[in-house]
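Here is what each chain is made of, one letter per residue.
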Amino acid sequence: MKKRILLLAGGQSGEHEVSLSSARSVLAALPRDQFDVTPVAISKQGRWLPPTDTRQALENGAAESGGDLVLHRVASAEGYDAVFPLLHGPMGEDGTVQGLLTLAGIPFVGSGVLGSAVSMDKVMTKQVLASAGIPQVDWRLAVRREWQRDAQTVRARAAELDFPLFVKPANLGSSVGISKVGGPHELDAALDLAFSLDRRVILEAMTTHKPRELEVGVLGNDAPTASPVGELRFASEFYDYETKYTEGLAEIHIPAPISGDVARRVRELALSAFLALDCAGLARVDFFYVEETGELLLNEVNTMPGFTQTSMYPKLWEAAGIGYSELVTRLVELALEQR
Ligand code: ADP
Ligand code: MG
Ligand code: MG
């Protein structure tokens, strides 16, 4: 019997378009003899689009309007064997959709409510990983109310970390709202920007002028495996939105040109983080590597990483001998697995 799969894409975050292009790849790759796939695009307003509008959105690469209210669609989704919530960022990757699907009793690809919510939040991630003994950069939390009422305290907290430092909204992705702050004179603008996007903001120290950036894929549920390690190379100051999504500005190197010992540590730390955060199915775990000192610091865990044919996560598994179609099939199987 063919499995009926609901593929969700688009959504309300800044990564709407990225999600739709990932979904086009997944839709083309799920084997038709095993799966009967229904794509449903979610508009930027959070409404779930009917079939013809979804097809159009997948072709156009964006769903601006139309559609039904969320709950109406979930209720009629009960006939599905599994859902693939191929959504990035808030209202998709952060436990919200996962909660809805859990309530509806439908198995789904990827982490559950807890793993999704904690991994999406850069502050909660840091706290959980610290307690698991995983090395990370030094950081501080600031809340919007503090910034509005007592900016001086927030500035002093930032200064404890030294400049340059990074200012980021706690719950976003794709480098949206992230600034590299060279000195005190740039701090207020960075905090204003981050607080315009989130109530909670994380301030992060830098380890070195420009660390190397290593990424590794994790696949599995409670006994996960790690892929080979990949490296990102780019000329820009940091891996910002433009560098991420402009063709040709960043290169992927798989395997990363690093020693076997560093690769082994990256993979071990990635698996520990995956388990500590209660992730499931898949995650891409990203690191900073300071070559001079050998220091390896975990940056973040993405529970629904970019998923086009040329994205890092599928490429990492391809290097391990698992092709794109096999990978998405495996993910659906993991969603259906009893844990
Ligand atoms: P996102 O979830 O939006 O991808 P990240 O935390 O991964 O956010 O930050 C985006 C990019 O900013 C990183 O890939 C890296 O290039 C740079 N960056 C972020 N934090 C630091 C840091 N503490 N030190 C050095 N570079 C950083
Ligand atoms: Mg991220
Ligand atoms: Mg990142």
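Residues numbered from 1 in each chain as written. Chains lettered and ligands numbered in written order. Predicted model: local features only at pLDDT ≥ 70, side-chain atom pairs only at ≥ 80, totals over all residues. Heavy atoms only, no water.

- The chain has the name D-alanine--D-alanine ligase in an unreviewed UniProt entry, where Deinococcus aerolatus is given as its organism.
- Taken directly from UniProt, the Sequence similarities (unreviewed entry) text for the chain runs: "Belongs to the D-alanine--D-alanine ligase family."
- Under Subcellular location (unreviewed entry), UniProt gives the following word-for-word description of the chain: "Cytoplasm". (UniProt positions renumbered as here; feature names shortened; annotations may be inferred.)

1. Focus: the site of ligand 1
So, step 1. In the vicinity of ligand 1 lie 19 residues, with K122, K168, S175, E213 and K244 positioned nearest.
So, step 2. Residue K168 places a side-chain N or O atom 2.6 Å away from an oxygen atom belonging to ligand 1.
So, step 3. For ligand 1, an oxygen atom lies 2.9 Å from a polar atom in the side chain of N299.
So, step 4. Of all elements in the fold, only β5 (165-169), β7 (200-205) and β12 (295-302) reach the threshold of two or more residues within the shell around ligand 1.
So, step 5. Split into classes, the residues belonging to the shell around ligand 1 amount to nine nonpolar, four polar and six charged.
So, step 6. When we break the shell around ligand 1 down by domain, the ones giving at least three residues each are domain 2 (119-135 + 210-336) and domain 3 (139-205). (Near = heavy atom within 4 Å. Polar contact = N/O pair within 3.5 Å; in protein donor to acceptor, adjacent residues only side chain to side chain. Helix = DSSP H or I, 4+ residues; strand = E, 2+ residues; numbered from the N terminus. Nonpolar A, V, L, I, M, F, W, Y, C, P; charged D, E, K, R; others polar. Domains from an automatic or database assignment.)

2. Here's the deal with the nonpolar core
Generally speaking, soluble globular proteins have nonpolar side chains that are buried together.
So, step 1. Counting residues in hydrophobic clusters, the biggest one holds 34 residues, and the most contacted among them are V26, F84 and F307.
So, step 2. Contributions of two or more residues to this core are made by β1 (3-10), α1 (16-29), β2 (35-42), α2 (51-60), β3 (82-85), α12 (312-319) and α13 (324-336).
So, step 3. Sorting elements by how many residues they give to this core places α13 first, with seven residues.
So, step 4. Two domains each donate at least three residues to this core, and these are domain 1 (3-108) and domain 2 (119-135 + 210-336).
So, step 5. For F307, the contacting residues outside a window of four places in its chain are S22, S25, V26, L86, L282, Y313, P314, Y324, L327, V328 and L331.
So, step 6. Among the nonpolar cores identified, the runner-up in size contains 26 residues, and V118, I134, A270 and C279 belong to it. (Core = buried A, V, L, I, M, F, W, Y, C linked by side-chain atoms within 4.5 Å. Buried < 20%, exposed > 50% of the residue type's maximum accessible area, 1.4 Å probe, protein only. Contact = heavy atoms within 4.5 Å.)

3. Some thoughts on the layout of surface pockets
So, step 1. Here the second largest pocket defines a volume of roughly 330 Å³.
So, step 2. For the second largest pocket, the lining is made up of 20 residues, of which P107, F108, G110, A335 and R339 are closest to its centre.
So, step 3. Within the residue set of the lining of the second largest pocket, elements represented by two or more residues are α4 (96-104), α5 (113-120) and α13.
So, step 4. In terms of residues, the lining of the second largest pocket owes the most to one element, α5, which gives three residues.
So, step 5. Taken together, the residues of the lining of the second largest pocket sort by class into nine nonpolar, eight polar and three charged.
So, step 6. Mapped onto the domain boundaries, the lining of the second largest pocket takes at least three residues apiece from domain 1 (3-108) and domain 2 (119-135 + 210-336). (1 Å grid on protein atoms, 1.4 Å probe; cavity = no way out; pocket = protein on both sides within 12 Å on 5 of 7 lines; lining within 4 Å. Points joined across faces, edges and corners; volume = space filled by probe spheres on them.)

4. Considering the sheet that holds strand β9 (residues 225-234)
So, step 1. Spatial strand order, β10-β9-β8-β11-β12: five strands in an open sheet with antiparallel pairing. Where the open sheet ends on each side, the last strands, each with one partner, are β10 (250-253) and β12. Pairwise comparison of adjacent strand axes, ignoring direction, gives a mean angle of 30 degrees for this sheet.
So, step 2. Note that strand β11 (residues 281-290) and β12 share seven bridges and pair antiparallel. Bridging from a neighbouring strand, R284 pairs with N302 of β12.
So, step 3. Running at roughly 125 degrees to β9, α12 makes contact with β8 (212-220), β9, β10 and β11 of the sheet.
So, step 4. The strands touched by α13 are β8 and β11; relative to β8, the strand with the most contacts, the crossing angle is about 55 degrees. (Pairing = 2+ DSSP bridges. Axes fitted to C-alpha atoms, helices over the stretch in contact; angles between N-to-C directions.)

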